[in-house]
Amino acid sequence: MNRVLTSLLALTLTAGGLAACGSSDDEAATPDAGSSGAAAGAFPVTITHKLGTTTLEKAPERIVALSDADIDALLLLGIQPVGIAQSVAEGGINPWAKPKITGTPVQLVMGETGVDPEEVAKLNPDLVLAGGDYYIDQEYKALSPLVPTTAYETGPFEDPWQTTLRQVAKLVGKVDQGEQIITDVQATVDGVKTQHPALAGKTFTISQVFEAGTIGVLRSGSDVTVKAFNDLGMKLAPAVAALPGDEFAVTLSLEKIATIDADVVLVYYTDPQLKTALEANTLFKNLPAVKGGKYIALDADEFMALRNPSPLSVPYFIDNTVPAVAEATGA
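Note on numbering: residues in each chain are counted from 1, in written sequence order. Selection of residues for local features in this predicted model requires a pLDDT of at least 70, selection of side-chain atom pairs for listing and counting requires 80 or more, and totals for whole chains, interfaces and linings are taken over all residues. The side-chain quantities take in all heavy atoms of the structure and omit both hydrogens and water.

Undergrad: Explain the pairing of strand E1 (residues 45-49) to me, using residue names and the numbers behind them.
TA: Burial along E1 is one-sided: the face carrying Val-45, Ile-47 and His-49 is buried and the face carrying Thr-46 and Thr-48 is not. Counted between consecutive antiparallel strands, the loop separating E1 from strand E2 (residues 52-56) contains two residues. We call a residue buried when its accessible area falls under 20% of the maximum for its residue type, exposed when it is over 50%, and partly exposed in between, using a 1.4 Å probe and counting protein chains only. Every helix listed is a DSSP run of H or I at least four residues long, and every strand listed is a run of E at least two residues long, numbered separately from the N terminus. What makes two strands pair is DSSP finding at least two bridges between them.

Next comes the structure, spelled out in structure tokens:
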């Protein structure tokens, strides 16, 4: 994976230098994960994904979740994980998920190839949820022989949150509850389109600055962040969508920064000094979007909410970012 992809994923997949908050069973929450309202006759159950199949003979009781989409789906279904992928948010848990967590799940640190399988095994899980985990390609071969493990159905960072939620709901025996959550969150999304109909057709770009002199910009229509804006009726700026490459993002030199111009330009900075430098750059200041007040600097939580959308982070994005987007676009 090239440097820009690693950087664009840094906040989503957590930095390897972060310290884990626990590494033993004694520190993990130990709820009866699988006994909380599972539908009668729901087991055994099998799901099929891009890397194989996942089968459970009975309701799982100790679940590890390795992405925001998986963690948040599990929490909304009323089940507490024993282990989660650590976020860079304060305390290692995203602000939209924190109110839903009642125990103290072990926080697993993501390295350059994902989680350490041995750390997962220490938690004695009977299910690992990784439908939204970018690194599951590297992890699956080690984890799946040890414990039933899920994966994406389309590609890394491509499955919409609805797909991941349906995976989780089926494996914990709560299909009907999962569909109700989808209905409820979709109603919130539809409410935005009703309140701001002029968003339809507006163009956007979303980028990250992680080093001086360059900017990483999302370019793929298959990416879940892009899909989150598509759900509001917006579309990726044509110049960015036309950038060559197979990856979800590309790095541009500042000489080519005009490419990111759109009806609204969103940028996240990994360091405040990078924000100061770019905002002082003449090429950036002269972008029509910037001159017209259509530029939004995202904070870490806003970027996280967009980078791996979930049924909890989408409402957070709507509450905290959409008003600024609507104002910037005149919608």
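Undergrad: Let's hear about the nonpolar core: which residues, and what values?
TA: Ranked by internal contacts, the top residues of the largest apolar core, which has 103 residues, are Leu-66 and Leu-266. With six residues, the top contributor of residues to this core is strand E11 (residues 264-269). What makes two residues a contact is simply this: any of their non-hydrogen atoms within 4.5 Å. In contact with Leu-266, other than residues within four places in its own chain, are Phe-204, Thr-205, Ile-206, Ser-207, Phe-229, Ile-296, Leu-298, Thr-321 and Val-325. We define a nonpolar core as any set of buried Ala, Val, Leu, Ile, Met, Phe, Trp, Tyr and Cys residues linked to one another through side-chain atoms lying within 4.5 Å.

Undergrad: Report on the pattern of salt bridges, specifying residues and quantitative values.
TA: We define a salt bridge as a contact between a side-chain nitrogen of Lys or Arg and a carboxyl oxygen of Asp or Glu at a distance within 4 Å. For the structure on display, the rule yields five salt bridges. Across the pair Lys-122 and Glu-119 runs a salt bridge, and its minimum N-O distance is 3.1 Å. Since its relative accessible area comes to 41%, Lys-122 is described here as partly exposed. Salt-bridge contacts for Arg-166 lead to Glu-179; the nearest nitrogen and oxygen are separated by 2.7 Å. With Arg-166 in helix H6 (residues 161-171) and Glu-179 in helix H7 (residues 175-195), the pair connects residues that are 13 residues apart, well separated along the chain. The partly exposed category is assigned to Glu-179, whose relative accessible area is 31%.

Undergrad: How would you summarise the packing of aromatic side chains if you had to cite specific residues and measurements?
TA: Stacked, edge-to-face and tilted labels apply to pairs of Phe, Tyr and Trp rings (six-membered ring for Trp) whose centres lie within 6.5 Å, assigned for plane angles under 30 degrees, over 60, and everything in between, in that order. Across all of its chains, the model carries nine aromatic pairs by this definition. Arranged with centres 5.4 Å apart and planes meeting at 65°, the rings of Tyr-134 and Phe-157 form a pair that is edge-to-face. Taken together, the positions of Tyr-134 in the loop between strand E6 (127-129) and helix H5 (136-143) and Phe-157 in the loop between H5 and H6 put the pair 23 residues apart, joining distant regions of the chain. Exposure class is identical for Tyr-134 and Phe-157. Each is buried. On the basis of an interplanar angle of 85° and a centroid distance of 6.3 Å, the ring pair of Tyr-134 and Phe-248 is categorised as edge-to-face. In this pair, Tyr-134 sits in the loop between E6 and H5 while Phe-248 sits in the loop between helix H9 (238-241) and strand E10 (249-253), placing the two residues 114 residues apart along the sequence. As far as the burial class goes, Tyr-134 and Phe-248 line up, both buried. Put simply, the rings of Tyr-134, Tyr-135, Phe-157 and Phe-248 touch in pairs and so form one group of aromatic residues.

Undergrad: Account for the packing of helix H13 (residues 300-307) against helix H14 (residues 313-320), with residues named and values stated.
TA: Here the axes come from fitting lines to C-alpha atoms, over the contacting stretch only for helices, and the angles between their N-to-C directions go from 0 to 180 degrees. Running from N to C, H13 and H14 cross one another at 135°; their axes reach a closest spacing of 8 Å. One element, H13, and the other, H14, form an angle in the oblique class. The way H13 lies across H14 gives a crossing that is left-handed. Here Asp-301, Glu-302, Ala-305 and Leu-306 of H13 come into contact with H14, specifically with Ser-313, Tyr-316, Phe-317 and Asn-320. For this scheme, ten residues count as nonpolar: Ala, Val, Leu, Ile, Met, Phe, Trp, Tyr, Cys and Pro. Four count as charged, namely Asp, Glu, Lys and Arg, and the remainder, Gly too, count as polar. In terms of residue class, the contact of H13 with H14 is built from four nonpolar, two polar and two charged. For classification purposes, angles smaller than 35 degrees are called roughly parallel, those larger than 145 roughly antiparallel, those between 65 and 115 roughly perpendicular, and all remaining angles oblique. Left-handed describes a crossing in which the near helix is turned anticlockwise from the far one by less than a right angle; the clockwise case is right-handed.

Undergrad: Go over unusual backbone geometry, please, and point to the residues and values.
TA: For residues besides glycine, phi is generally negative; the peptide bonds are generally trans as well. The omega torsion across Phe-43 and Pro-44 is 0°, close enough to zero to call that bond cis. By the element assignment, Pro-44 lies in the loop between helix H2 (10-13) and E1. Residue Asn-124 is not a glycine yet carries a positive backbone phi of 50°. With respect to the helices and strands, the residue Asn-124 is situated in the loop between helix H4 (117-121) and E6. Judged by relative accessible area, which is 48%, Asn-124 ranks as partly exposed. Phi is positive for Phe-157, which is not a glycine, with a value near 60°. Using a relative accessible area of 6% as the deciding quantity, one classes Phe-157 as buried.

Undergrad: Go over the sheet that holds E6 with me, naming the residues and quoting the values.
TA: Across the sheet, which stays open at both edges, the four strands sit in the order E5-E4-E3-E6 with parallel pairing between neighbours. The open sheet has two edge strands with one neighbour each: strand E5 (106-108) and E6. The average angle at which neighbouring strand axes cross in this sheet is 20°, direction not considered. Two strands pair when backbone bridges link them, and strand E3 (residues 63-65) and strand E4 (residues 83-85) are joined in this way by two bridges, in the parallel orientation. Paired with Val-64 across the strands is Gly-83, a residue of E4. Across the sheet, helix H3 (residues 68-76) lies against E3, E4 and E6, angled at about 135° from E3, the strand it touches most.

Undergrad: For the environment of Met-304, give the residues involved together with the corresponding values.
TA: Within the secondary structure layout, Met-304 lies in helix H13. Expressed as a C-alpha distance, the spacing of Met-304 and Val-88, which sit 216 residues apart in the sequence, is 9.1 Å.

Undergrad: Summarise the environment of Asp-231; cite the residues concerned and give the values.
TA: Mapped onto the elements, Asp-231 comes out in the loop between helix H8 (224-230) and strand E9 (235-236). Assessed through its relative accessible area of 35%, Asp-231 is described here as partly exposed. Those residues in contact with Asp-231 that sit more than four places away from it in its chain are Val-189 and Lys-193.

Undergrad: An account of H5 is needed here, citing residue identities and associated values.
TA: Buried within H5 are the following residues: Ile-136, Glu-139, Tyr-140 and Leu-143. Along the axis of H5, the buried positions cluster into a sector of 110°, meaning they face one direction only. Summarising the contacts, the buried residues of H5 are in contact with E1, E2, H4 and E6. This arc corresponds to the set of directions leading from the helix axis out to the C-beta atoms.

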